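# Descriptive structure summary
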Amino acid sequence: MAEETPVKAVQVKLVLLGEAAVGKSSLVLRFCQGDFNENTSPTIGAAFLTQKCRLENRIVKFEIWDTAGQERFHSLAPMYYRNAQAAVVVYDITKAASLEKAKAWVKELQRQANANIVIALVGNKLDLVSDSTSSDAAPVPAAATEESTETPEDDDESSSDPSTPPATATSATAESDDARQVPTAEAAAYAKESGLLFFEASAKAGTNVGEVFTEIAKTIPFDTITPKPATTQGGNRRNAGANENAGNVSLGDGQQAKKGGCC
Ligand SMILES: Nc1nc2c(ncn2[C@@H]2O[C@H](COP(=O)(O)OP(=O)(O)OP(=O)(O)O)[C@@H](O)[C@H]2O)c(=O)[nH]1
Ligand SMILES: [Mg+2]
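Here's a quick rundown of the structure. (Residues numbered from 1 in each chain as written. Chains lettered and ligands numbered in written order. Predicted model: local features only at pLDDT ≥ 70, side-chain atom pairs only at ≥ 80, totals over all residues.)

## Examining the packing of helix α1 (residues 24-33) against helix α7 (residues 209-219)
Where we set the bar: Here an axis means a line fitted to C-alpha atoms, over the contact stretch when the element is a helix, while the angle between two N-to-C directions is reported on a 0 to 180 degree scale. To qualify as a helix, a DSSP run of H or I must reach at least 4 residues; to qualify as a strand, a run of E must reach at least 2; elements of each kind are numbered from the N terminus. These descriptions rest on fixed angle ranges, namely under 35 degrees for roughly parallel, over 145 for roughly antiparallel, 65 to 115 for roughly perpendicular, and the rest for oblique. Two residues qualify as being in contact provided that their C-beta atoms, derived from the backbone, are within 7 Å of each other. Under the scheme applied here, ten amino acids are nonpolar (Ala, Val, Leu, Ile, Met, Phe, Trp, Tyr, Cys and Pro), four are charged (Asp, Glu, Lys and Arg), and all others, including Gly, are polar.
Packing of α1 against α7 brings their axes to within 9 Å, and their N-to-C directions diverge by 80°. Taken as axis vectors, α1 and α7 run roughly perpendicular relative to one another. Contact residues: α1 offers Leu27, Arg30 and Phe31, while α7 offers Val209, Gly210 and Phe213. Here the contact of α1 with α7 is built from residues that sort into four nonpolar, one polar and one charged.

## Topic: the site of ligand 1
Stated precisely, the cut-off is as follows: The criterion for a residue being near a molecule or strand is a backbone-placed C-beta atom within 6 Å of that molecule or strand.
What surrounds ligand 1 is a group of 23 residues, the closest being Gly23, Ser25, Pro42, Thr43 and Gly69. Top contributing element to the shell around ligand 1 by residue count: α1, with three residues. Class assignment for the residues of the shell around ligand 1 results in seven nonpolar, eleven polar and five charged.

## Comments concerning helix α6 (residues 184-194)
Keep this limit in mind: Counting other C-beta atoms within 10 Å of a residue's own tells you its class, since 20 or more makes it buried, 12 or fewer makes it exposed, and anything in between is partly exposed; those C-beta atoms are placed from the backbone. The arc in question is traced by the directions running from the helix axis to the C-beta atoms.
Inspection of α6 places Thr184, Ala187, Ala188 and Ala191 among the buried residues, and these make up the whole buried set. Along α6, the residues classed as buried sweep out an arc of 100° about the axis, all on the same side. Along α6, exposed side chains directed more than 90 degrees from the buried face belong to Ala185, Glu186 and Glu193.

## What about the environment of Trp65?
Topologically, Trp65 is positioned in strand β3 (residues 59-67). On the basis of neighbour counts, which here come to 24 C-beta atoms within 10 Å, the residue Trp65 falls in the buried class. Sequence separation of Trp65 and Val15 is 50 residues, and the distance between their C-alpha atoms is 4.7 Å. Those residues in contact with Trp65 that lie beyond four places of it in its chain are Val15, Leu16, Ala46, Phe48 and Tyr80.

## Some words on unusual backbone geometry
Located in the positive-phi region is Asn83, a residue other than glycine, with phi close to 65°. Tracing the sequence through the fold places Asn83 in the loop between α2 (77-81) and β4 (86-92). Taking the C-beta count within 10 Å as the criterion, Asn83 has 10 such neighbours and is therefore assigned exposed. A positive phi angle, near 65°, is found at Asn208, a position not held by glycine. Mapped onto the fold, Asn208 is located in the loop between β6 (197-200) and α7. Look at Asn208 and you get buried, because 31 C-beta atoms sit within 10 Å.

Structure below.
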């Protein structure tokens, strides 16, 4: 087997934003640790995690700021999205108001964050609707990305977590389509007109979680980012802002022990 060619690790600061309880921390937990917890605590301040994502020609090391969605923490957000190269703005597909909040975050990012920030709009809790097939396999790349209908085959062993059952397998709890308050087409159209990547996902089932980060990694304009030596792996820092652990995301160093993300 050929040795892997040394590739440069590029650090990417990524921030998660969105209304409280839409599943930001759960998406991060799924991505970083391949895990899901039904009983999370609301994030206080923000939590910090890292996870690597391997692309064909480089390794992207995401430095992830998982912010608190509660309104009282809103004023802290600029601290976390400042200088971010990527943002994941999350809403809950079973809660229409959360899309409105997501739109407000997008607007704020477009006004105040990096001009070339890559923003992904993610509708979470896909497992709660029975029509989850609409985006089970298909990230709906509304993005500013060009050809975009490619299926992420190369990275797929990571793209869905090992524990990922088919979306339909997650007992949609007989809630059927009634649980869905945000039609896929509506969110996709908004994402397209705003130049965002767009996915529906489920942190619980693992659906499309890896894809979100992989697609972001592919979309970042790396020419504008200073490469870091590949040896900077060591520990994951855990210098979260107001509260380092926030109780809902383990920042322990087993982040790559479980294959939750791209790598
Ligand atoms: N069914 C389902 N529940 C989910 C999913 N993602 C998160 N949840 C649940 O939603 C609740 C809130 O999840 P969190 O990840 O804490 O939400 P958050 O956006 O981080 O919330 P804040 O930290 O308060 O901003 C928890 O009970 C999770 O178990 C999902 O994909 N499907
Ligand atoms: Mg949280």
